[in-house]
Amino acid sequence: MKFVEELDVRGRTVFVRVDFNVPLNDKGEIRNETRIRASLPTIQYLLGRGAKLILASHLGRPKGKPDPSMSLRPVARRLGELLGREVVMAPEVVGPDAARLKAGLGPGGVLLLENVRFHPGETKNDDALASALAEGVDVFINDAFGSSHRAHASVVGIAAHVPVIAAGYLMKKEVEYLRRVIHPAKPFVAVLGGAKTEDKIPVIENLLRKADHILIGGAMAYTFFLAQGKTAGKSLVEPEKTDIARGILAKSAELGVNFLLPLDHVLAASIESGRVEAVVEGLPFPADLMGVDIGPKTVAAYGAVIAQAKTVFWNGPLGVFETPAFAEGTVAVAKAVAEANAVSVIGGGDSIAAVAKAGVTDKITHVSTGGGASLEFIANETLPGIEALERP
Ligand code: ADP
Ligand code: MG
C-alpha cells in the first residue's frame, strides 16, 4: 500500500475518499465534527503541494437518490472555515455540473461532490459509476477508514480506474494502531454491543480465534439469547442472524473462548419513556418490556475480566447510553477499560460518544473513527477498501 507522501501531486487532479459521515441535528447542523477534522491532515498536505482536490463521502443512508436532509452542503461550509479557503460544492455525484466544476479546478482548488449515496450505483459498486468518478482523475487517495469495510464504488471500484492509488494519513494511522490488536498481548478482551448487529455478528466468528474473552452487551446480546431459545420481550433483535449466533456460541465453546452474555438487565417500556421499569436476572422478559442496559452484576463481572486484560477492543455501547437512565452500564465499563493496564482500542461513532460521556477518552490508547470497519479489520486483518489499494 502506497502512502500519500510518496507521491508527486503538484498540479495533479487528486480524488480523496473521505469519511464526512457526521451526525446532523434536525436543523441540518453538524453535531460533531470529529470526522471532518480527522481528514484535515491529508487535505492540507495535498493542498500544500499544489494538488487539485476532489473530495467525496457519504452521509447517512439515503436510498440511492437525493435527499436534502443528507446533503453534504453543511460539511462544505464547515470545511471551508477550517481550511480558510473556498470549498466548491457540486450539486451532484456525477453528471454535467460536476464535470464542469472538476474541469474548472485549479491548483489548491477544492471541490466536494454531493453525497455519493445519492447515486444508486455507489452501494452496488457499479463499474459505470466508478469509472465516471475516475474521469480526469490522476491520483486516488482513500482516507475513509470508517467506510473501507464496504465494497462501494467510491471506496473500491474507483481504484481500478485511476493510475496512481494510495492511502491518506488517517487511513495509515488507523491501520498502524489496529495492527497492534491483530497480534494482541494476551489476555485479549473484546467488548461488543450496539445496535448495528446485522453487520457485526457475522464478523465475530473470525474474532473467536484471537480473543480470550468476548463480552456481549447492547441490543446484540438479545440476538444471542434468542439463538439459545430465550425471548427478550420487546428488545431489539435480529431474528435472521440467530443461525450465525448459534454457530458462534458453539464455536466459542469448542475453542475455549470465554463468551459472556449479560447476567442482569435494565428493562424499560420504551426508549422514549426514559424510565427504568425493572432490573432482572435471566430471561424471558415480560412481553411489554425491553432490555436497554446491562445491570450491576454484569458490570461487576465484565469489569473483573477487563481488569486482567492486556489488550481490549471495544465496539458498540452496552445500552441506550444517549438516555441518562440507561447509560450506567456503558459508562461503568468505559471506566473499567480506561483503568485497565492494557492497550485499549475503541471504535465507532456512538462508542466514541459513549467514552466521551464517561470522560475517559484521554485514557484510551486509540480511538478509531471506524466502528464496523475497526471490528472487521481486527477480525479479517484487512478490509475491501484496503485490498483495493494493494495493487502491485
Ligand atoms: P457504533 O456507532 O459505536 O459502531 P452502533 O451504531 O452499532 O455503535 O450502536 C450504537 C447504538 O446502539 C446507540 O444508539 C445505542 O442507543 C444503541 N443500543 C445499545 N444498546 C441497545 C439496546 N439494548 N437496545 C436498543 N438500542 C441499543
Ligand atoms: Mg453508530
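Residues numbered from 1 in each chain as written. Chains lettered and ligands numbered in written order. Predicted model: local features only at pLDDT ≥ 70, side-chain atom pairs only at ≥ 80, totals over all residues. Heavy atoms only, no water.

## So, the pairing of strand β5 (residues 139-142)
Stage number 1. Of the two faces of β5, both are covered, the one formed by Val139 and Ile141 as well as the one formed by Phe140 and Asn142.
Stage number 2. With four bridges joining them, strand β1 (residues 13-17) and β5 adopt parallel strand pairing. Bridging across to β5, valine 14 finds its partner in valine 139.
Stage number 3. As paired elements, β5 and strand β6 (residues 164-167) share four bridges and run parallel to each other. (Buried < 20%, exposed > 50% of the residue type's maximum accessible area, 1.4 Å probe, protein only. Helix = DSSP H or I, 4+ residues; strand = E, 2+ residues; numbered from the N terminus. Pairing = 2+ DSSP bridges.)

## Digging into the environment of threonine 34
Stage number 1. Within the element layout of this structure, threonine 34 appears in helix α1 (residues 34-38).
Stage number 2. A relative accessible area of 41% places threonine 34 in the partly exposed class.
Stage number 3. The spatial distance from the C-alpha of threonine 34 to the C-alpha of threonine 369 is 8.4 Å, given a sequence separation of 335 residues.
Stage number 4. At 2.4 Å, the side chain of threonine 34 forms a polar contact with the side chain of asparagine 32. (Polar contact = N/O pair within 3.5 Å; in protein donor to acceptor, adjacent residues only side chain to side chain.)

## Quick notes on the nonpolar core
Stage number 1. Residues Phe20, Leu46, Leu55, Ile214, Phe224 and Phe259 are the most contacted members of the largest nonpolar core, which totals 104 residues.
Stage number 2. The element that contributes the greatest number of residues to this core is helix α8 (residues 220-227), accounting for six residues.
Stage number 3. Excluding its chain neighbours within four sequence positions, the residues that come into contact with isoleucine 214 are Ala190, Leu192, Ile204, Leu208, Val257, Asn258, Phe259 and Leu260.
Stage number 4. By size, the runner-up hydrophobic cluster in this structure holds 27 residues, among which are Leu318, Val331, Ala334 and Ala354. (Core = buried A, V, L, I, M, F, W, Y, C linked by side-chain atoms within 4.5 Å. Contact = heavy atoms within 4.5 Å.)

## Brief notes about the site of ligand 1
Stage number 1. As a matter of local geometry, ligand 1 sits amid 21 residues, with Ala195, Lys200, Glu322, Asp350 and Ser351 nearest to it.
Stage number 2. Between an oxygen atom of ligand 1 and a side-chain N or O atom of lysine 200, the distance comes to 2.6 Å.
Stage number 3. The side chain of serine 351 places a nitrogen or oxygen atom 2.6 Å from an oxygen atom of ligand 1.
Stage number 4. Within the complex, the protein chains bury 91% of what would otherwise be the 580 Å² of accessible surface of ligand 1.
Stage number 5. Sorting the residues of the shell around ligand 1 by element identifies β12 (290-294) and α12 (349-357) as the ones contributing at least two each.
Stage number 6. Among the elements that line the shell around ligand 1, the one with the most residues is α12, at three residues.
Stage number 7. Its residues assigned to classes, the shell around ligand 1 comprises six nonpolar, 11 polar and four charged. (Near = heavy atom within 4 Å. Areas by Shrake-Rupley, 256 points an atom, 1.4 Å probe, with all protein chains shown as cover. Nonpolar A, V, L, I, M, F, W, Y, C, P; charged D, E, K, R; others polar.)

## Examining the packing of aromatic side chains
Stage number 1. Counted by the stated rule, this structure contains seven aromatic pairs.
Stage number 2. Ring geometry for phenylalanine 15 versus phenylalanine 140: centroids 6.0 Å apart, planes at 45°, classification tilted. With phenylalanine 15 in strand β1 and phenylalanine 140 in strand β5, this pair connects stretches of sequence that are 125 residues apart.
Stage number 3. You can call phenylalanine 15 buried: its relative accessible area is 0%.
Stage number 4. Aromatic side chains tyrosine 45 and tyrosine 169 sit 5.7 Å apart centroid to centroid with 65° between the ring planes, which places their arrangement in the edge-to-face category. Taken together, the residues tyrosine 45 in helix α2 (residues 40-48) and tyrosine 169 in helix α6 (residues 169-182) connect sequence positions 124 residues apart.
Stage number 5. Residue tyrosine 45 is classed as buried on the basis of its relative accessible area of 14%. (Phe/Tyr/Trp six-rings, centres within 6.5 Å; stacked < 30°, edge-to-face > 60°.)

## Comments concerning the domain arrangement of the chain
In many analyses, interface size is given as the accessible surface area lost on bringing the parts together.
Stage number 1. Entries for the chain in the domain assignment read domain 1 (4-173) and domain 2 (184-379).
Stage number 2. Measuring from the centre of the C-alpha atoms in domain 1 to the corresponding centre in domain 2 gives 33 Å.
Stage number 3. Taken together, the contact pairs nine residues of domain 1 with 12 residues of domain 2.
Stage number 4. Around 810 Å² of area is buried between domain 1 and domain 2 when both sides are counted, 61% of it from carbon and sulfur atoms. (Domains from an automatic or database assignment. Buried area = accessible area lost by both parts, 1.4 Å probe.)

## Comments concerning the sheet that holds strand β15 (residues 366-368)
Stage number 1. Taken in spatial order, the six strands line up as β9-β8-β7-β13-β14-β15 in an open sheet, and their pairing is parallel. Only two strands of the sheet have a single partner each, and these edge strands are β9 (258-260) and β15. Looking at each pair of strands side by side, their axes are set apart by 10° on average, direction ignored.
Stage number 2. Pairing analysis gives three bridges linking strand β14 (residues 343-347) to β15, with the strands arranged parallel. (Axes fitted to C-alpha atoms, helices over the stretch in contact; angles between N-to-C directions.)

## With respect to the pattern of salt bridges
Stage number 1. For the coordinates displayed, the defined rule picks out 14 salt bridges.
Stage number 2. In this structure, glutamate 33 and arginine 37 form a salt bridge, with 2.8 Å as the shortest nitrogen-oxygen distance.
Stage number 3. With a shortest N-O distance of 3.0 Å, lysine 210 and glutamate 381 are connected by a salt bridge. With a gap of 171 residues between them, lysine 210 in the loop between α7 (197-207) and β8 (213-216) and glutamate 381 in the loop between α13 (372-380) and α14 (384-387) connect regions that are remote in the sequence.
Stage number 4. Ionic contacts of the salt-bridge type, sharing partners, join the residues Glu33, Arg37, Arg78 and Glu81 into one network. (Salt bridge = Lys/Arg side-chain N within 4 Å of Asp/Glu carboxyl O.)

## Focus on the sheet that holds strand β2 (residues 52-56)
Stage number 1. Strands sit in the order β3-β4-β2-β1-β5-β6 across an open sheet of six strands; the sheet is parallel. Bordering the open sheet on either side are β3 (88-89) and β6, each of which pairs with just one other strand.
Stage number 2. The sheet contact formed by β3 and strand β4 (residues 110-112) spans two bridges and is parallel. Note on β4: the bridge partner recorded for methionine 89 is leucine 112.

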